[in-house]
Amino acid sequence: MILEYNADKLLEQIDHVVAKTLDMDLTWDWPCGVAYYGIARAYEATKKADYLEGLRAGVDERIKLGLPAWTVNTCAMGHCLLTLYACTEEKRYLELVHSKLDYLRNKAIRFGDGVLQHTVSTANDFPEQAWADTLFMAGYFMLRAGVQLEDEALVNDALNQYYWHVEYLQDHDASLWYHAYNNVEKGHMSGFFWGRANAWAAYTMSRVRMVLPQPYLYPPYMHVDCSLRDQLAALKKLQRDDGLWGTLLNDGESYGEVSATAGIGAAMIVNNNPLHTGYAQKALDGVLDNIAPDGRVMNVSGGTAVMRDKDGYRSIPKVWAQGWGQGLALAQLTAALESSGGDEKAR
């Protein structure tokens, strides 16, 4: 996929977003996990040593302060630990990775066919609920760790999470994803197609092929691949003129939301379907238009529970910098940078 952008300006924007992200006081939880994943991707795409050192300093500071109990959401920090271990070979990062994996494998609440229940605290927050967020915070982390550590059982467990989240959360008629599924009540609660849920799903599914060697040898991958194909085909029709997707995808009264747009746009770039080039370009331009001079990613909705009605989603504030907005924007910008393969003529 060939996208049009100015290479120097894109690198400058990545630099600003990384600097702003490192300056945010994010604790060891999912906002920091997504934010630091974005910084790790920025390092992998640019090899700028400052990014790795900033990431390392931020993680080390938080380790010294003391770590929380593990939940699905706190496992999101495992992404940056995998990158730090790969780059430094320091065992203390690997030990934390193994601690998170032990929690996910042996202690985390599951239901049905081994599906991880979404948890945000040590309480039983959402009994037998599957949330799209879990794919990023835990499923994708398990897949990356399984490949990096050559743990086939972990790879299969991760793919099982993908399989069942597709089954529970994707509407097979609309091809869009619901925010969550309640296995006790056998339904999707408010039942809306939330933008960021679709971003979590699309981005993490797009990364399976990038992370997993010979993915076609794993039957669940075919499920993931077709799910993503149909989801992106549906999403392209809902993109707005300014390149953004709404916080509720099929609701014209909901505001355009930048973190959802970044995640969906990144998925289109990584998936590399030439039919999506124009949509990916509009999404990239739309996100770049929403980055402040200091690197703050603007118009990102705040933390969002499964809301009761449309107005609940429409009313979530979007005035503050958020870790997930910073991280998903970096995921998109680095995907764009990598897509051109360094071809200056494409920029």
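Residues numbered from 1 in each chain as written. Predicted model: local features only at pLDDT ≥ 70, side-chain atom pairs only at ≥ 80, totals over all residues. Heavy atoms only, no water.

## Comments concerning the packing of aromatic side chains
Okay, step 1: Taken as a whole and judged by the stated rule, the model has 16 aromatic pairs.
Okay, step 2: Pairing Tyr178 with Phe193 gives two aromatic rings, centres 4.8 Å apart and planes at 35°, and the pair type is tilted. Taken together, the positions of Tyr178 in the loop between helix 7 (152-169) and strand 4 (180-182) and Phe193 in the loop between strand 4 and helix 8 (195-211) put the pair 15 residues apart, joining distant regions of the chain.
Okay, step 3: Given a relative accessible area of 10%, Phe193 falls into the buried group.
Okay, step 4: Aromatic rings pair up to connect Trp30, Tyr37, Phe136, Tyr140, Trp200, Tyr203 and Trp324 into one cluster.
Okay, step 5: One residue, Lys100, lies across the ring of Trp70, its end atom 3.6 Å from the ring centre.
Okay, step 6: Over the aromatic face of Tyr255 sits the side chain of Lys318, whose NZ or CZ is 5.3 Å from the ring centroid. (Phe/Tyr/Trp six-rings, centres within 6.5 Å; stacked < 30°, edge-to-face > 60°. Helix = DSSP H or I, 4+ residues; strand = E, 2+ residues; numbered from the N terminus. Buried < 20%, exposed > 50% of the residue type's maximum accessible area, 1.4 Å probe, protein only. Lys NZ or Arg CZ within 6 Å of the ring centre and 35° of its normal.)

## What to know about a nonpolar patch on the surface
Okay, step 1: Together, Tyr216, Leu217 and Met222 give the surface a local cluster of nonpolar side chains, amounting to about 320 Å² of exposed area.
Okay, step 2: In this fold, Leu217 is placed in the loop between helix 8 and helix 9 (219-235).
Okay, step 3: The class of Leu217 is exposed, set by a relative accessible area of 54%. (Patch = residues over 30% accessible without salt bridge, like charges linked within 9 Å, V, L, I, M, F, W, Y side chains within 5 Å. Areas by Shrake-Rupley, 256 points an atom, 1.4 Å probe, with all protein chains shown as cover. Salt bridge = Lys/Arg side-chain N within 4 Å of Asp/Glu carboxyl O.)

## Here we look at the nonpolar core
Okay, step 1: In this structure, Ile14, Tyr36, Leu143 and Trp200 are the most contacted members of the largest nonpolar core, which totals 120 residues.
Okay, step 2: Tallying contributions element by element places helix 2 (residues 30-46) first for this core, with ten residues.
Okay, step 3: Every residue in contact with Tyr36, bar those within four places of it in the chain, is listed here: Leu22, Leu55, Gly58, Val59, Arg62, Met77 and Cys80. (Core = buried A, V, L, I, M, F, W, Y, C linked by side-chain atoms within 4.5 Å. Contact = heavy atoms within 4.5 Å.)

## What about the environment of Ser99?
Okay, step 1: As for its placement among the helices and strands, Ser99 is situated in helix 5 (residues 91-107).
Okay, step 2: A relative accessible area of 30% places Ser99 in the partly exposed class.
Okay, step 3: Counting along the chain gives 29 residues from Ser99 to Trp70, while the straight-line C-alpha distance between them is 8.7 Å.
Okay, step 4: Engagement of the side chain of Ser99 in a polar contact is seen with the side chain of Trp70, the distance being 2.7 Å. (Polar contact = N/O pair within 3.5 Å; in protein donor to acceptor, adjacent residues only side chain to side chain.)

## Let's talk about helix 1 (residues 7-22)
Okay, step 1: With 16 residues, helix 1 should reach 22 Å at 1.5 Å per residue; the first-to-last C-alpha distance of 23 Å fits that figure.
Okay, step 2: Among the residues of helix 1, those classed as buried are Ala7, Leu10, Gln13, Ile14, Val17, Val18 and Thr21. All buried residues of helix 1 project into a common sector of 135° when viewed along the axis, lining one side. Away from the buried face of helix 1 by more than 90 degrees, exposed residues Asp8 and Lys9 are located.
Okay, step 3: On the buried face of helix 1, the contacting elements are helix 2, helix 3 (49-65), helix 11 (277-288) and helix 13 (323-339).
Okay, step 4: Where helix 1 begins, one side-chain oxygen reaches toward the backbone nitrogen of Asp8, 3.0 Å away; that side chain belongs to Asn6. (Expected span 1.5 Å × (residues − 1). Arc of directions from axis to C-beta.)

## Describing a negative patch on the surface
Okay, step 1: On the surface, Glu4, Asp241, Asp242, Asp285 and Asp289 cluster together into a negatively charged patch.
Okay, step 2: Positionally, Asp289 belongs in the loop between helix 11 and helix 12 (310-314).
Okay, step 3: Its relative accessible area of 62% is what places Asp289 among the exposed residues. (Lys, Arg positive; Asp, Glu negative; His and termini not counted. Charge placed at Lys NZ, Arg CZ, Asp CG, Glu CD.)

## Regarding the packing of helix 1 against helix 2
Okay, step 1: Contact geometry of helix 1 with helix 2 gives a least axis separation of 10 Å together with a crossing angle of 145°. Here helix 1 runs over helix 2; the crossing is left-handed. Counting all contacts with helix 1, which are made through Leu11, Ile14, Val18, Thr21 and Leu22, the residues of helix 2 involved are Ala35, Tyr36, Ile39, Ala42 and Thr46.
Okay, step 2: A class-by-class count of the residues in the contact of helix 1 with helix 2 yields eight nonpolar, two polar and no charged. (Axes fitted to C-alpha atoms, helices over the stretch in contact; angles between N-to-C directions. Left-handed = near helix turned anticlockwise from the far one by under 90°. Nonpolar A, V, L, I, M, F, W, Y, C, P; charged D, E, K, R; others polar.)

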